[in-house]
Amino acid sequence: MKKITLLIWNRMTRSQIFNLKILISVAFITSICFTACFLVFNNTSHKQTNILDSRSALSFEPVPKLSQNNDNYSHYELSVIMDEVNSFVEGNLTVNFYNNDLINLSQIPFHLYLSGMKYQTRPGVIEIINITDKDNPSLALDFEVFSDQQIMWVNLTNDLEPENYAEFIIKFNATLPDGPYDRANSHGADILNARIYKFTGFYPIACVYDNEDGWNIDPYLHVGDPFYFDMAYYDFYIEVPDAMLLAVSGALQDKEHLGSTIRYHYNTSYPVREVTFSASRYFQVESKLVNGVNVSIFYLFKSSSIWSSNGLKYAEQALLLFNETFGKYPYYSLNLVEEYTEYGGMEYPTQVYCTEAIDGWGGDLSYRLWWFELIVVHEISHQWWYNLIGNDEVDIGFLDEGFAEWSTGYYGESYYGSWEYFQTLDYSYHQLAPYIERVRMYYHNELLQSKINQSTYEFISSNTDYYFASYRKAPLILEKLRQTIGHLNFIEGVRLYFETWKFKHATLKDLQDIFEFVNKSSLAWFFLPWYNNPYLPAYRFSNNYDYNADNGTLSLTIRDVSEPANKYPYSQQVPLEIYNTNNQKFYSELMWINSTTTIRIELSQIPKIARLSYNNYVLVQLDNPSKLYLDLILTNIGTTILGFELGILTLSSIMSMGLIIYLTRRKLRVAIK
Ligand SMILES: [Zn+2]
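Residues numbered from 1 in each chain as written. Predicted model: local features only at pLDDT ≥ 70, side-chain atom pairs only at ≥ 80, totals over all residues.

Description of the overall build of the protein
Right, on to step 1. Helix and strand counts for the protein come out as 14 helices and 34 strands.
Right, on to step 2. Within the protein, the proportion of its 673 residues that are buried is 39%.
Right, on to step 3. Sequence separation of 24 or more characterises 67% of the internal contacts of the protein that already satisfy a separation of 6 or more. (Helix = DSSP H or I, 4+ residues; strand = E, 2+ residues; numbered from the N terminus. Buried ≥ 20, exposed ≤ 12 C-beta atoms within 10 Å, placed from the backbone. Contact = placed C-beta atoms within 7 Å.)

Structural data, given as structure tokens:
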């Protein structure tokens, strides 16, 4: 073959070779252009392929820490005696600490959160009296308290090897801050039958050691929930005056009358991340057995119009739905307790709190009940997303809050028909927009970026809004994932996530792995941009569009002008609509817009307007909440059509001229004859 080619080449003249070179070059350039166009069209007219991922999407292997591989957990016996007058407990924490990490430990740090909490006149404090060896009470362990960080380091007498236990007893006193601001306090007047003692973060809680950070010794932070604990078994003993009513993590095992006091014993049966209790002489209590779980509510008489029967009903509905949807709640008790605080509510294992401030919120009862139900459902969902599946809330607090908000929406969808039920409220005195609108308008309104995947420290240093990213945008991204992979796949993924990671700690990557397994393909193209980019996509049509009237083909290019400011290109399906010269829609198709995208479509009519429709959960940056589309007026289509008509005109003119010349010459010839 090579020989023949050379032969032909040798026999060609110089000008023939020159012409052939030009021909080959043109063919080469044309083929490149064709290939490029094919690639562009191929990329845009099909479902998103793996543009960002090199990992295998079809398998995931959870790599849990040691404690999460077996049934070994730390065990704590927490025993407190309450001093009502001084809002104080005298405590003993018997620690049976299990080393679930692959290193020898010589020290163990504990959180002492109370002193970091807000107060009015009396600060909270955990005072460590002493630490002694469990088997040899005369052997004291050294410890050091760093009150600024609310951290205590306990020095072990011997190095603790992996999969071994260290046993010691911490004797401490804890005083509650006065309220009504933070997560722990005593507040309310006895004369109004309204005093509540709320004990949370009131005892030394062991820090978590992990591969990412080593020891997590973060202080009590006022942005987000800073809680990150290993699971542990708890036996909890509380001695209180006999008229005091208690709401406690765990199920009541027994009680012992000791003169004017009663000593109660609670046990959580399964591991939990921490325990809490609340005490009041004035609690109204209602209980109901729901699928073997003793559901109880504790509230003040003054709040009866909101709490009575409603609290129990909402808690029951949430428990039933989340049990059925996510996986079984394993504990035997679930409490909903009224609290004094600045925020709406707070979650603890088997016990959640809701603020009494709702009593004073304006509007009619239905408005206050709407808020009450929202808070109750959000906090109860945290039993699945915080307690059963734990997250490092300092590094990825958006993960459990995002799920809690998504779950609240799912409750709204299941009982009231809309995932946006708890996002929108239209009272004359209060109007709220759904999250999708708030997220689309966020940059326009706040001029702030809204990257989700940031630690609490990064949110603070970048001056961005943890609350918005975690409670508004994060649930919306989960909902977008549901709309993208379909409801059944999404729910299957959530169930598998729960089943795989309950009693453990999960990361965002673990969640992505689960959904990729369920979806049977990589989802890096979804997770990387939506969780890590600071800005939403902002699409613009390029003016370089083209319409070929011969075959009715329209080519359009869409750019994302946010792309240079983001780390990962976005991909999402967006409806493309085409309108004719009578402004009638004659074409509508879902298009994948992957970064800058060229779309080529064949049309049956002459197009006038191309429209990207931002309905459903198309997520784009907007500056007008009601303008849910992007239009391109195809102004030079008329010119193209005119050109086409001119061509015919020219052709017919030439033909006519030819005919005239032919006839004239024939006529002349005839005349000569
Ligand atoms: Zn929450």
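What to know about the sheet that holds strand E20 (residues 333-339)
Right, on to step 1. Judged by pairing direction, the sheet is mixed, and its 5 strands sit side by side in the order E18-E19-E20-E22-E21 without closing on themselves. The sheet terminates laterally at strand E18 (284-290) and strand E21 (345-348), the two strands that pair on one side only. On average, each strand axis in the sheet is tilted by 15° relative to the strand beside it, whichever way the strands run.
Right, on to step 2. Where E21 and strand E22 (residues 351-355) come together, 4 bridges link them in antiparallel fashion. Bridged to Gly345 within E22 is Cys354.
Right, on to step 3. Across the face of the sheet, helix H5 (residues 310-325) comes into contact with E18, strand E19 (293-299) and E20 while running at roughly 145° to E19. (Pairing = 2+ DSSP bridges. Axes fitted to C-alpha atoms, helices over the stretch in contact; angles between N-to-C directions.)

With respect to the sheet that holds strand E5 (residues 143-146)
Right, on to step 1. Spatially, E5-E6-E3-E10 is the arrangement adopted by the 4 strands of the open sheet, whose pairing is antiparallel. Edge strands, defined here as strands with exactly one partner in the open sheet, are E5 and strand E10 (205-206).
Right, on to step 2. As judged from the 4 bridges shared by E5 and strand E6 (residues 151-160), these two strands associate in the antiparallel manner. Looking at the pairing, Glu144 lines up with Trp153 of E6.

Concerning the nonpolar core
Right, on to step 1. Membership of the largest hydrophobic core comes to 155 residues, with the highest contact counts inside it found for Ala315 and Val376.
Right, on to step 2. Ranked by the residues each element gives to this core, the list is headed by helix H7 (residues 393-416), at 9 residues.
Right, on to step 3. Built from parts of two domains, this core gets at least three residues from each of domain 1 (66-414) and domain 2 (537-635).
Right, on to step 4. The residues touching Val376, leaving out its near neighbours within four places in the chain, are Gly311, Tyr314, Ala315, Ala318, Leu336 and Cys354. (Core = buried A, V, L, I, M, F, W, Y, C linked by C-beta atoms within 7 Å. Domains from an automatic or database assignment.)

A look at the packing of helix H8 (residues 435-446) against helix H10 (residues 466-485)
Right, on to step 1. Packing of H8 against H10 leaves a shortest axis separation of 9 Å and a crossing angle of 115°. With respect to H10, the element H8 is oriented roughly perpendicular. Here the hand of the crossing between H8 and H10 comes out left-handed. Every residue of H10 that contacts H8 at Tyr435, Ile436, Arg438, Val439 and Tyr442 is listed here: Phe468, Arg472, Lys473, Pro475 and Leu476.
Right, on to step 2. Per-class residue counts for the contact of H8 with H10 are 7 nonpolar, no polar and 3 charged. (Parallel < 35°, antiparallel > 145°, perpendicular 65-115°, else oblique. Left-handed = near helix turned anticlockwise from the far one by under 90°. Nonpolar A, V, L, I, M, F, W, Y, C, P; charged D, E, K, R; others polar.)

Here's the deal with the environment of Asn291
Right, on to step 1. As for its position among the elements, Asn291 is in the loop between E18 and E19.
Right, on to step 2. Along the primary structure Asn291 and Tyr332 are separated by 41 residues, whereas in three dimensions their C-alpha atoms are 9.3 Å apart.

Observations concerning helix H12 (residues 508-519)
Right, on to step 1. Taking 1.5 Å per residue as the helical rise, H12 with its 12 residues ought to reach 16 Å, and the 16 Å between its terminal C-alpha atoms agrees with that figure.
Right, on to step 2. Burial analysis of H12 places 9 of its 12 residues in the buried class, the great majority of the element.
Right, on to step 3. Residues Asp510, Leu511, Gln512, Asp513, Ile514, Phe515, Glu516, Val518 and Asn519 constitute the buried set of H12.
Right, on to step 4. Looking at the buried residues of H12, the elements they touch are H10, helix H11 (487-501) and helix H13 (524-532).
Right, on to step 5. In the stretch just after H12, Lys520 is the one whose phi turns positive, near 60°. (Expected span 1.5 Å × (residues − 1).)

Comments concerning unusual backbone geometry
Right, on to step 1. In this chain, Gly179 is followed by Pro180 through a cis amide linkage whose omega measures 10°.
Right, on to step 2. Along the chain, Pro180 turns up in the loop between strand E7 (165-175) and strand E8 (185-187).
Right, on to step 3. Phi is positive for Ser269, which is not a glycine, with a value near 65°.
Right, on to step 4. With respect to the helices, strands and loops of the structure, Ser269 is situated in the loop between strand E16 (261-267) and strand E17 (277-280).
Right, on to step 5. Positive phi is not limited to glycine here, since Asn583 has a value of about 60°.
Right, on to step 6. Tracing the backbone shows Asn583 in the loop between strand E30 (571-580) and strand E31 (585-594).
Right, on to step 7. By the C-beta count within 10 Å, which is 8 here, Asn583 ends up exposed.

Considerations on the pairing of strand E9 (residues 196-199)
Right, on to step 1. Taking every second residue as pointing to the same face, both faces of E9 are buried, with Ile196 and Lys198 on one and Tyr197 and Phe199 on the other.
Right, on to step 2. Bridging between E8 and E9 involves 3 bridges; their strand directions are antiparallel. Bridging across to E9, Ser186 finds its partner in Tyr197.
Right, on to step 3. Inspection of the sheet shows E9 paired to E17 by 3 bridges, in the antiparallel sense.

Quick look at the confidence of the model for the protein
Right, on to step 1. For the protein, the average pLDDT comes to 87, and 84% of its residues sit at 70 or higher.
Right, on to step 2. Of the regions scoring below 50 in pLDDT, residues 1-59 engages in 33 contacts with residues more than four places distant in sequence or in other chains.
Right, on to step 3. Confidence drops under a pLDDT of 50 for residues 639-649, and excluding neighbours within four residues, the segment shows 5 contacts in the predicted structure. (pLDDT = per-residue confidence, 0-100.)

Digging into H7
Along an α-helix, residues three or four apart share an orientation, since each turn contains 3.6 residues.
Right, on to step 1. Most of H7 sits out of view: 20 of its 24 residues are buried.
Right, on to step 2. Two residues or fewer after H7 comes Gly417, characterised by a positive phi angle close to 85°.

A look at the packing of H7 against H10
Each pair of packed helices gets described by two things: the angle between the helix axes and the distance between those axes.
Right, on to step 1. Running from N to C, H7 and H10 point in directions that differ by 65°, and their axes come no closer than 7 Å. The angle between H7 and H10 places the two elements in the roughly perpendicular class. The way H7 lies across H10 gives a crossing that is right-handed. Between H7 and H10, the contacting residues are Gly397, Phe398, Glu401, Gly402, Phe403, Glu405, Trp406 and Gly409 on the first element and Ala469, Ser470, Tyr471, Ala474, Pro475, Leu478 and Glu479 on the second.
Right, on to step 2. The residue inventory of the contact of H7 with H10, partitioned by class, reads 8 nonpolar, 4 polar and 3 charged.

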